[in-house]
Amino acid sequence: MTHRIVILGAGYAGLTAANRIASRARHAQVTLVNARPQFVERVRLHQVAAGQQPREYPLRERLRGTAMQLVIGRVQALDPQHRQVRLDHATVGYDTLVYALGSAADTTTVADHACTVADLDSARELSKGVPDLAAERGVLAVVGGGLTGIETATELAEAYPHLRVRLITSGQPGDWLSARGRAHLRRAFDRLGIEVLPGVTVTRVDPEGVVLAGGRTVGAGLTVWATGFVVADIARHAGLAVDGQGRILVDDTLRSRSHPEIYAVGDSAAAYRAGGQQLRMSCATGMPTGQCAAAAITARLAGRDPEPFAFRYFIQCISLGRRDGLIQFVHPDDSAHNAVLTGRTAAWCKELVVRGALYATR
Ligand SMILES: Cc1cc2nc3c(=O)[nH]c(=O)nc-3n(C[C@H](O)[C@H](O)[C@H](O)COP(=O)(O)OP(=O)(O)OC[C@H]3O[C@@H](n4cnc5c(N)ncnc54)[C@H](O)[C@@H]3O)c2cc1C
């Protein structure tokens, strides 16, 4: 019987894995399942929030030249015992499964009255509210001083110069960057008029703004919640071994530790570098995990031993609007060293990296 390989999720990691498997495992039946018929460039969603129109990338076009089947549907549940995936309208059987359902905004602390940029619908929703707020010179609060918070605050401040942007964070924004990187960030915030409120804990978001621990309210007409990502509960409910965040525990070939017929890649996988460092959720790590899982699956189907996952960080690329950026060079473990690239050159580098990621999914 033909071996059935099913990939769940056509984001950066899933699409990378699917295309590689389809080009190498020519005797297998490969099926890609995704909730929407387009590939979404998730790393551009802060641009969408700022009113830029994303290009549409129909998945059928991105699979052209392969014999892969595309099923559009939302995964509801996984039944590893019967090797089946339950979608909203169908059930799909598999022999080997690649789980690549990505992540969503972490709104566990504060869900009400906050917007997010972690998925296309939310970013589009946010983009509708910003022009009116900017026209009345209102305040937009961004909670979270990590990569997503920084990129969102700067993008919106650049696109809407009359908007008063406040960046609120428990530490310092970009506190993992080198001294030169942090200094550039401060200059960018000053140039764009972004007010930074560091070292505070947000307990609630309400229609008037952001409520801090201690009771003080920071006024805001709109609040963007950008404190991190979480994964869906599908794997946990299916009985797969997961970590505290619900990410699937995998071995050094991205294979589930509890269910060897299942591989996990991208944000959904609790994957590690050699030496034990867990990979952070990112496109930069997601695509290599997709490549590695694809290579492992095709090697095992051919009766060969797969290569273990090997990964080193190289740079962090941060956009600061369309005309400025920060490329932070990092050690293999993602810690910053002193070299940075800034300004328009960095903005261009980031743009090239984003385009390169899109190209590499094919
Ligand atoms: C604004 C923003 C900026 C970012 N910038 C960067 C950056 O500069 N560099 C970087 O490395 N990372 C960045 N990231 C993080 C990066 O986008 C994610 O880590 C990356 O997209 C993860 O890839 P993935 O393939 O695991 O998941 P995703 O890209 O999220 O793909 C998951 C796919 O699964 C589908 N899916 C989800 N649930 C279901 C379901 N139940 N049924 C069917 N289909 C489903 C989704 O539709 C999607 O197609 C950014 C994220 C955001 C939000």
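About the cut-offs
Residues numbered from 1 in each chain as written. Predicted model: local features only at pLDDT ≥ 70, side-chain atom pairs only at ≥ 80, totals over all residues. Heavy atoms only, no water. Near = heavy atom within 4 Å. Polar contact = N/O pair within 3.5 Å; in protein donor to acceptor, adjacent residues only side chain to side chain. Areas by Shrake-Rupley, 256 points an atom, 1.4 Å probe, with all protein chains shown as cover. Helix = DSSP H or I, 4+ residues; strand = E, 2+ residues; numbered from the N terminus. Nonpolar A, V, L, I, M, F, W, Y, C, P; charged D, E, K, R; others polar. Domains from an automatic or database assignment. Expected span 1.5 Å × (residues − 1). Buried < 20%, exposed > 50% of the residue type's maximum accessible area, 1.4 Å probe, protein only. Arc of directions from axis to C-beta. Contact = heavy atoms within 4.5 Å. Salt bridge = Lys/Arg side-chain N within 4 Å of Asp/Glu carboxyl O. Pairing = 2+ DSSP bridges. Axes fitted to C-alpha atoms, helices over the stretch in contact; angles between N-to-C directions.

(A) Focus on the site of the ligand. Close to the ligand lie 29 residues; Ala13, Asn34, Arg42, Val75 and Lys350 are nearest. Within the side chain of Asn34, an N or O atom sits 2.8 Å from an oxygen atom of the ligand. Lys350 is positioned with one of its side-chain polar atoms (N or O) 2.5 Å from an oxygen atom of the ligand. Calculation on the ligand without its partners gives an accessible area of 990 Å², and the protein chains cover 88% of this total. For the shell around the ligand, the secondary structure elements donating two or more residues are helix H1 (12-24), helix H5 (147-159) and helix H8 (283-301). A per-class count over the shell around the ligand returns 15 nonpolar, nine polar and five charged. Both of domain 1 (4-103 + 231-301) and domain 2 (106-228) provide at least three residues apiece to the shell around the ligand.

(B) Focus on the environment of Ala339. With respect to the helices, strands and loops of the structure, Ala339 is situated in strand S24 (residues 336-342). Along the sequence, Ala339 and Ile327 sit 12 residues apart, while their C-alpha atoms lie 8.5 Å from each other.

(C) Region of the structure containing helix H6 (residues 179-192). The end-to-end C-alpha distance of H6 is 20 Å, a good match for the 20 Å that 14 residues give at a rise of 1.5 Å each. By the burial criterion, the buried members of H6 are Gly181, His184, Leu185, Ala188, Phe189 and Leu192. Relative to the axis of H6, the buried residues are bounded by an arc of 140° and lie together on one face. Opposite the packed face of H6, turned more than 90 degrees from it, sit the exposed residues Arg186, Arg187 and Asp190. Of the surrounding elements, those touching the buried residues of H6 are H5, strand S12 (164-168), strand S13 (195-197), strand S23 (325-330), S24 and helix H9 (343-360). Two residues or fewer after H6 comes Gly193, characterised by a positive phi angle close to 70°.

(D) Representation of unusual backbone geometry. The phi angle at Arg83 is positive, at roughly 55°, despite the residue not being glycine. Looking at the secondary structure, you find Arg83 in the loop between strand S6 (75-79) and strand S7 (84-87). In this structure, Asp334 takes a positive phi of about 85° despite not being glycine. Looking at Asp334, the relative accessible area reads 13%, which means it is buried.

(E) Representation of the pattern of salt bridges in the model. Enumeration over the complete set of coordinates arrives at 19 salt bridges. In this structure, Arg4 engages Asp95 in a salt bridge whose closest nitrogen and oxygen atoms are separated by 3.2 Å. In this pair, Arg4 is assigned in strand S1 (residues 4-8) and Asp95 in the loop between strand S8 (91-93) and strand S9 (96-99), connecting sequence segments 91 residues apart. The partly exposed category is assigned to Arg4, whose relative accessible area is 25%. Among the ionic pairs, Glu158 bridges to Arg323, the shortest N-O distance being 4.0 Å. With Glu158 in helix H5 and Arg323 in the loop between strand S22 (315-319) and S23, the pair connects residues that are 165 residues apart, well separated along the chain. With a relative accessible area of 12%, Glu158 lands in the buried category. Salt bridges linked by common partners bring Glu41, Arg44, Glu155, Arg322, Glu351 and Arg355 together as one network.

(F) Representation of the sheet that holds S22. Taken together, the three strands give an open sheet; going across it, the order is S22-S23-S24, and neighbouring strands pair in antiparallel fashion. Looking at which strands have only one partner, the edges of the open sheet turn out to be S22 and S24. Looking at each pair of strands side by side, their axes are set apart by 20° on average, direction ignored. In this sheet, S24 lies alongside S23 in antiparallel orientation, the contact comprising four bridges. Each residue of the ladder has a partner; that of Leu326, found in S24, is Thr342.

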